[in-house]
Amino acid sequence: MDEEALTALAFGSDAGPADSIPRDGTPRQRLLAAIVLGARGQYAAAAALLDPLRRGRDPLTASLAASTLASHRRQLGGHLAARKLDGEALLVVGLRGMGERGAGDAPGLAGGLAATDSPTPSPLPATASSNASSASRDSAPTEDPNGLDRQGARADALLGLAADNLALGRISAARRLAVRAAQADRRWRATVRGGWVGAEIELADGQPEAAVAPARLAYETAVARHAQRHVVKSGIVFGVALLAAGQSGARELIRTAVADGEKYELDSLNWVATRVAADLEPDRAEEYRFRSRQVLHAVLRHADPCVMRIAHESPWVPVGPG
C-alpha cells in the first residue's frame, strides 16, 4: 500500500481491512499506518510503529508520532501519560518552530506551557534533539494539506496539551493552549480537532450552549472534507453538545456515528458511540451497552501494556462486567 492510499485511509473516506495495513515503508508511511491502526483500536500495533518514530532522526516525524501516541493514551483516559508525550511533541518542533516567526514569540509559548503546570516532558532522544537543533538550516518544508508539517505538528501538540489539562481540571490552561493551537494552524484538521477541544472545554465549564458552535464547526468541516474518521468523532461530540444544551438532533447524529463507526471499523470510537447511544435510546440501551462492551473488549485485546494499565485504572472505562 502506497502513501497516497494510506493518506486516504487516515484522512479521507476510504476503508479497508485492518490486515491490509502495512507495518513497513518510509517513516511517513509508518506514521500514517499507525494513525489508521490506532483509529481501529489496534493500539499495540500502532505503538510498535510510533515508539521507534518518536526516537528517530526526523524531528517532525518524531513530534507527530509522540502526539499520535498521546492521543491513543488519552482515548482511554490516560491523560497524565498523554501530557508527557504531548509536551515531548511540542518540545521537538514547537519551541524551535515558534522561533522561526520571531524571537519574541518563543518566550510567550514557554510561558503558556508553564501556565499548564505540566511536568517536565520526557527527555528527548539524542538523535531527535540534535536534529531539532540542526533543522533550522533546512529549507522550509512543503505545506501538507492534512497538517503533517511543522505548523500542524505544533497545533497537534498544543491541542493535545489542552485536552490533557482539561481532563485534569485546568480549564483556564486548556483555553490558553487551545487559542495558541488555533494561532498555529487554521487548516481543516486543526479546525476539526480544535472544535472537539473547544466543545469539551465549554461542557466542562458548565456552558453547554457555548459548546454547540465549536462542535458544529468541527462536524461541518469534517463533512466538507469527506474525512470519515473525523466525521464520526465530530458527530459524537456534536451530538453530546446538542444533548447537553437541550437542543434537537443528537439522536440522529449518534445513530449515524454508530453506523459509520461500524462500517469503517473505527473501534476506538465505536465503544464510545454505542455508550452514548445507550443513554439516548433507553429502549435499546442494553443492546448498545452490550455492543460497547464487545468492542471495548476487542480493543483491549489489541492493546499494549501501557494502554491496558490505563484502561484498568481509568474511572470511566468499563473494563469489568456490566
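Model, not experiment: these values are computed from the prediction.

(A) Representation of the overall build of the chain in the model. Within the chain, the secondary structure is distributed over 16 helices and zero strands. Across the 322 residues that make up the chain, the buried fraction comes to 53%. Taking as baseline every contact in the chain between residues at least 6 positions apart, the subset at least 24 positions apart corresponds to 66%. Carbon and sulfur atoms form 53% of the exposed surface of the chain, whose accessible area is close to 13700 Å².

(B) The arrangement of the packing of helix 2 (residues 27-39) against helix 3 (residues 43-54) in detail. Closest axis-to-axis distance for the helix 2/helix 3 pair is 8 Å, and the angle between their directions is 150°. Classified by the angle their axes make, helix 2 and helix 3 are roughly antiparallel. Two packed elements cross with a definite hand, and for helix 2 against helix 3 that hand is left-handed. Listed contacts from helix 3 to P27, R30, L31, A33, A34, L37 and G38 of helix 2 are Y43, A45, A46, L49, L50 and L53. Tallied by class, the residues present in the contact of helix 2 with helix 3 amount to eleven nonpolar, one polar and one charged.

(C) The side chain of N270, seen in detail. Inspection of the secondary structure assignment puts N270 in helix 14 (residues 267-280). Apart from the residues lying within four places of it in its own chain, the contact partners of N270 are V258, G261, E262, E265 and V295.

(D) Spotlight on the pattern of salt bridges. Within this structure, the stated rule accounts for 21 salt bridges. For the salt bridge of R28 with E3, the shortest nitrogen-to-oxygen distance reads 3.0 Å. Of the two residues, R28 is situated in helix 2 and E3 in helix 1 (residues 3-11); the sequence distance between them amounts to 25 residues. The partly exposed category is assigned to E3, whose relative accessible area is 31%. For R40, the salt bridge is made with E265, and the minimal N-O distance between the two is 3.8 Å. With R40 in the loop between helix 2 and helix 3 and E265 in the loop between helix 13 (250-263) and helix 14, the pair connects residues that are 225 residues apart, well separated along the chain. For R40, a relative accessible area of 6% puts it in the buried group.

Calculation notes
- Each residue is numbered by its place in its chain's sequence as written, counting from 1.
- Confidence filtering applies because this is a predicted model: local features only for residues at pLDDT of at least 70, side-chain atom pairs given and counted only at 80 or more, and all residues used for totals across whole chains, interfaces and linings.
- Here the side-chain values reflect all heavy atoms present in the structure, with hydrogen atoms and water set aside.
- Comment: elements are numbered from the N terminus, with helices defined as DSSP H or I runs of at least four residues and strands as E runs of at least two.
- To sort residues, take the accessible area from a 1.4 Å probe on protein chains only and compare it with the maximum for the residue type: under 20% means buried, over 50% means exposed, and anything in between is partly exposed.
- Contacts: residue pairs with any heavy atoms within 4.5 Å of one another.
- Note that accessible areas follow from Shrake-Rupley with a 1.4 Å probe, and for residues the cover is restricted to the protein chains shown.
- The convention used is that axes are lines fitted to C-alpha atoms, helices contributing only their stretch in contact, and that angles between N-to-C directions extend from 0 to 180 degrees.
- Our angle categories are set so that under 35 degrees counts as roughly parallel, over 145 as roughly antiparallel, 65 to 115 as roughly perpendicular, and the remainder as oblique.
- Crossings are sorted by hand: turned counterclockwise from the far helix by less than a right angle, the near helix makes the crossing left-handed, and turned clockwise it makes it right-handed.
- Here the nonpolar group is Ala, Val, Leu, Ile, Met, Phe, Trp, Tyr, Cys and Pro; Asp, Glu, Lys and Arg are the charged ones; every other residue, Gly included, is treated as polar.
- Any carboxyl oxygen of Asp or Glu that lies within 4 Å of a side-chain nitrogen of Lys or Arg is treated as forming a salt bridge with it.

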